[in-house]
Amino acid sequence: MITTKEIKIKRNEEFSSEYIEQQLTILGLDVLRWAVVDCDDETYTLSLAIVEN
C-alpha cells in the first residue's frame, strides 16, 4: 500500500538532495517520492510517498 506521511529530519549546513536521500535510507523507508514542505532553524519537514506492507 502506498501512503503519504510527513517527517522531520535534522537540518545541515548545506542543503542537498544527497543528504535527504541518505537520511531517508538511514530511516529504512521505501520512498517513492519526497518533497521539502517546510523548514526552520533546526529541521526540514518532508512530505513522503512511501510503500508500506
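Here the structure is shown first, and the text comes after it.
What comes next is a walk through the structure. Each residue is numbered by its place in its chain's sequence as written, counting from 1. Owing to the predicted nature of the model, reporting of local features is limited to residues with pLDDT of at least 70; listing and counting of side-chain atom pairs is limited to 80 or more, with chain, interface and lining totals taken over all residues. Only hydrogens and water are set aside when side-chain values are computed; all heavy atoms of the structure are taken into account.

This brings us to a negative patch on the surface. Only residues whose relative accessible area exceeds 30% and that form no salt bridge are eligible for patches; like-charged ones are grouped when within 9 Å, while nonpolar side chains (Val, Leu, Ile, Met, Phe, Trp, Tyr) are grouped when within 5 Å. Accessible areas in this description were obtained via Shrake-Rupley with a 1.4 Å probe; residue shielding takes into account the shown protein chains only. Just to be clear on terms, a salt bridge is a Lys or Arg side-chain nitrogen sitting within 4 Å of an Asp or Glu carboxyl oxygen. We score Asp and Glu as negative and Lys and Arg as positive, and we do not count His or the chain ends. In plain terms, the charge of a residue is placed at NZ if it is Lys, CZ if Arg, CG if Asp and CD if Glu. Judged by side-chain charge, Glu6, Asp38, Asp40, Asp41 and Glu42 come together as a negatively charged surface patch. Secondary-structure assignment places Asp41 in the loop between strand S2 (31–39) and strand S3 (43–51). Each helix is a run of H or I in the DSSP string that is no shorter than four residues. Each strand is a run of E no shorter than two, and both are numbered from the N terminus.

As a further point, take the sheet that holds S2. Whether two strands pair depends on DSSP finding at least two bridges between them. The strand order across the open sheet built from three strands is S1-S3-S2, with neighbouring strands paired in antiparallel fashion. At either end of the open sheet lies a strand with only one pairing partner, and these are strand S1 (2–10) and S2. Adjacent strand axes in the sheet meet at a mean angle of 25° when their direction is disregarded. By the bridge criterion, nine bridges tie S1 to S3 in an arrangement that is antiparallel. Looking at S3, one finds that Ile7 is bridged to Leu46. In the packing of helix H1 (residues 17–27) onto the sheet, contacts are made with S1, S2 and S3, and the angle to S1 comes to roughly 110°. Helix axes use the C-alpha atoms of the stretch in contact, all axes being lines fitted to C-alpha atoms, and the angles between their N-to-C directions lie in the range 0 to 180 degrees. Residue contacts are counted whenever heavy atoms from the two residues lie within 4.5 Å of one another.

Quick look at a nonpolar patch on the surface now. A surface patch of nonpolar side chains, about 270 Å² in accessible area, is lined by Ile2, Leu32 and Val51. Mapped onto the secondary structure, Val51 falls in strand S3. Whether a residue is buried, partly exposed or exposed follows from its accessible area with a 1.4 Å probe, protein chains only, as a fraction of its type maximum: under 20%, in between, or over 50%, in that order. Look at Val51 and you get partly exposed, because its relative accessible area is 31%.

One broad trend across soluble globular proteins is that nonpolar side chains are buried collectively. Buried Ala, Val, Leu, Ile, Met, Phe, Trp, Tyr and Cys residues that are joined via side-chain atoms within 4.5 Å together make up what is termed a nonpolar core. Core analysis: the largest hydrophobic core is formed by nine residues, namely Ile7, Ile9, Tyr19, Ile20, Leu24, Tyr44, Leu46, Leu48 and Ile50. When residues of this core are traced back to their parent elements, those giving at least two are S1, H1 and S3.

On to the pairing of S2. Two faces belong to every sheet, and in a regular strand the side chains alternate between them. Bridge analysis of S2 against S3 gives seven bridges, and the strand direction is antiparallel. The residue of S3 that forms the bridge with Cys39 is Tyr44. In textbook terms, the turn of a hairpin is the stretch between consecutive antiparallel strands, and for S2 and S3 this stretch comprises three residues.

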